[in-house]
Amino acid sequence: MSELPKQYDPKQVEGKIYQQWLDGGYFHAQRDPDKKPFTIVIPPPNVTGQLHLGHAVDETIQDVLIRYKRMKGYAALWLPGCDHAGIATQIKVEENLRVNEGLTRFDLGREKFLDRVWDWKNKYGDRIVQQLKTLGSSCDWDRQRFTMDEGCSKAVREVFCSLYEKGLIYKGKRIINWCPHCTTALSDAEVEYEEKPGHLWHLRYPLADGSGDVIVATTRPETMLGDTGVAVNPNDERYKDIVGKTCILPLVGREMPIVADEYVDMAFGTGCVKMTPCHDPNDFEVGLRHNLEQILVIDDNGCIINGGKYNGMDRYEARKAILADLEEQGYLVKVEEHVHNVGTCYRCHSDVEPLASDQWFVKMEPLAKEAIRVVEDGTIKFVPDRFAKTYLNWMHNVRDWCISRQLWWGHQIPAWYCADCGHVTVSREDACQCEKCGSKNITRDPDVLDTWFSSALWPFSTLGWPDKTEDLEYFYPTDVLVTGYDIIFFWVARMIFSGMEHMKKEPFKTVLIHGLVRDPHGKKMSKSAGNGVDPIEVIDQYGADALRFNLITGNSPGNDMRFYVERCEAMRNFANKLWNAARYVMMNLTVRENELPPELKLEDKWILSKLQSLIAEVNENFDKYELGLAATKIYDFIWDSFCDWYIEITKPRLRAGDESAQRVLLYVLTDVLRLLHPFMPFITEEIYGAIPHSGKALIVETYPEFDQALSFPQEEADFELVMEAVKAVRSRRAEMNVPPSKRPHITLVTEKTDVFRAGTVYMSDLAFAGAVNVTAQAPADTAGMVTVVTSQAKLYMPLAELVDLAKERERIAKELARAEQDIANQQRKLANESFVSRAPERVVSAERDKLAKAQALAENLRASLANLG
RNA sequence: GGAGGCUUAGCUCAGCAGGUUAGAGCGCAUGCUUCACACGCAUGAGGUCGCGCGUUCGAGUCGCGCAGUCUCCACCA
């Protein structure tokens, strides 16, 4: 086996191993009545997108969970797929069209444009899938889905029609958020608010009867063109007498009513509010209550309409012109600085324009009820659970969901309008005639549905719904949904109410939330900032295992993490450490069967016992989704316990040709590979293939379970005493600058001679000393010898010539003082009755042990001191 | 205006059913071509666990308050 290279090279391994897994069909989840299902659906990445670190964390977590459950014997299904990503994809294709051919989508027409998008999808749709594979994702690629494939489209159609029939989808004129750049409506969730400095302009509107005027304040003066009234609070004494009067809109000349409405806050501004029903949601409501006229003054492109001389101007251009005119004509009373939140489009970050528009909505209140219930009663659990609060808060205040988008790429709304009778036909099959009057003079609604409308169905549409498939029966509800906190509202919330409504069953039991990956300065990674890190490049340099381990360890659930390439280096080093440990074990292997020897030595019991604790803890961590903790513990075990101690300790035995040591090494190594596999699948599989093994592949091996028969607490503690002695000798030697070449024989005096004798062989090796003689009796002549004292032993080293006696005395005195301090502390603690009676037994006995140790140590030190004279 | 997170070693972060001497990686210092690994080994320096009060026999760990910082939700024209 010595042909293995000294350094582990992921590039030589990862592609090959992934292909082996594919060839073995290990990713494919077989329905099996004898197994329990475990299902995760992937948060579908944008079909033409590229893998970024955000995906990388998300996918790694899912892959770790799926691999763990697969090894645990579940029928583990990780269902992959992509999202058509309406706005994002359409914008990209349009941009491409504009740059390369100077065309708009309207130049091509709907059908041809959609052909182009499909071309684009087919060209780039595979890229992200390939990238997921380089990460090691063990998705069931046979079940790969796309939100616009036939099945998902059928599900979307079914849901739309069914909700429409129940009256939960309606079309209506509301104030919606309009992006003039993307020229489409947006849902509330798609608007991001940014604080921007602005102004508060105070305008004077003269009363029609000439008896005075009202002063209104606005942050968006251009909307005044659409004003159709002024509102005051009914309890406002200042304005009691003008309610019912009319005023004249400057520049336009329109006569408008002054109405009283509770909505107006008397304390803000002047207490008079201009009403623009078509461009402000509150004004819209007030307008409905008081029958105010609705005049739309900003069009789909953000330009003025119905605004006389300002028609055609861009909204911000119009603002300037209008302000200039108002000022010139004496209507501008004053201007204040005013910071306010401006809504922007989450895709293009243009300022969103609120405007009245005919759109399709999902009525949320009835749907929210169940969605709230299942989280409140714990049917669905959030991890960490603080995100349940976030979710519930949103769900409690949710407003109707605007689902129509003025795009072409997506699921076209299945509604047909009759030109003759005006009836709307909503149908599962494409309609040829009006269902009411039979007229063939019908046209289909050109709009498509919000992308999230189809993602909302993902946990069941991908399993075959609305058909009653065996997959759906077996794998639904899914188990864990893994995602970042940034899409709880977009996606998680909508899957929950959709699942409850259409399946009558929660879509998943646990929502595992992770944070965002940020750059080293804590900033969000973005293309525009140029601080993004390409995971593919990281994999190329350090390997997928290193990247995965970096992303899994070192941060707590739900918290953001900063990405440091240096950490990948550390993880790469860890992989290399494991590689070399395995290489060493193999180089010394003469046995072929992986079985523990009948007789175990002290150190064997120690490592096996440590291993059992590790196994127990890791399994527990998994159950609590503490993946980072589990990974860290495995890391520590491999590096510290296994490599730095056990391998070193067994070297003399291996040299002597001891087979039992080989067997224990192989046993522990194998378990460690199984433990680590979900986190570092490639290197563990590669090593597994090279050592004696019985299974087909590590990926389908069983995950280690705690084995009581291999837990040896007493031997574990005993061996720690030996370690203590070794460390003490090393420390002392370093302190005295003893050259490594100097290998004095050591006399170790202890009452626990059995324990220490078991350790002499490797003690002499580890501490770079000569032979170790373990005895219960102190040597007769120890004068001038260097002594090293531990709680259970006293070691004599003939290195007196290196020691300044005075210094030595000083050092021991210092140690003694510390020990005595410890004794005093412990005695005080144990003298406290409350402590002894109230603290748990394990704690009290730990304190007693500590006291005993300190006392023993002090005694040894005193003897040493006396010995020095 | 509400809600929540974070504050632990020079840096980035773990930690907690309250209970040995608070950990890791990187960095730093010293010594090692020890026959798995210098992507390594050994030894070591470095921490009033943001501040204050409280609960407790005992508090980085629980409660309250304060400060700094970040985020989300809502939004008054």
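Structure: see above.
Residues numbered from 1 in each chain as written. Chains lettered and ligands numbered in written order. Predicted model: local features only at pLDDT ≥ 70, side-chain atom pairs only at ≥ 80, totals over all residues. Heavy atoms only, no water.

Caption draft 1: Structural view of the packing of aromatic side chains. Overall, the coordinates contain 37 aromatic pairs when judged by the stated rule. The interplanar angle of 65° and the centroid separation of 5.4 Å between the aromatic rings of Phe160 and Trp360 together place this pair among those described as edge-to-face. Note that Phe160 is positioned in helix H6 (residues 150-165) and Trp360 in strand S14 (residues 353-362), a separation of 200 residues in sequence. Residue classification places Phe160 among the buried positions, given a relative accessible area of 0%. (Phe/Tyr/Trp six-rings, centres within 6.5 Å; stacked < 30°, edge-to-face > 60°. Helix = DSSP H or I, 4+ residues; strand = E, 2+ residues; numbered from the N terminus. Buried < 20%, exposed > 50% of the residue type's maximum accessible area, 1.4 Å probe, protein only.)

Caption draft 2: Broad picture of the sheet that holds strand S28 (residues 786-789). Overall, mixed pairing links the 4 strands, which are arranged S27-S26-S29-S28 in an open sheet. Each edge of the open sheet carries a strand with a single partner, namely strand S27 (772-775) and S28. Averaged over all adjacent pairs, the angle separating strand axes in this sheet is 20°, with direction ignored. Across 4 bridges, strand S26 (residues 746-750) lies against strand S29 (residues 793-797) in antiparallel orientation. Bridging from a neighbouring strand, Val749 pairs with Lys794 of S29. (Pairing = 2+ DSSP bridges. Axes fitted to C-alpha atoms, helices over the stretch in contact; angles between N-to-C directions.)

Caption draft 3: Representation of the pattern of salt bridges. A complete count under the given rule lists 52 salt bridges for this structure. One salt bridge connects Asp445 with Lys171, and the closest N-O pair in it is separated by 3.6 Å. Of this pair, Asp445 sits in the loop between strand S20 (442-444) and strand S21 (448-449) while Lys171 is found in strand S5 (residues 169-179), placing the two residues 274 residues apart along the sequence. Relative accessible area serves as the criterion here: at 1%, Asp445 is assigned to the buried category. On the accessibility criterion, Lys171 (36% relative accessible area) is partly exposed. Between Lys245 and Asp209 there is a salt bridge, with its nearest N and O atoms 3.3 Å apart. In this pair, Lys245 is assigned in the loop between strand S9 (229-232) and strand S10 (246-248) and Asp209 in the loop between strand S7 (191-206) and strand S8 (213-218), connecting sequence segments 36 residues apart. Bridged by salt links that share partners, the residues Arg31, Asp140, Arg143, Glu470 and Asp471 form one connected network. (Salt bridge = Lys/Arg side-chain N within 4 Å of Asp/Glu carboxyl O.)

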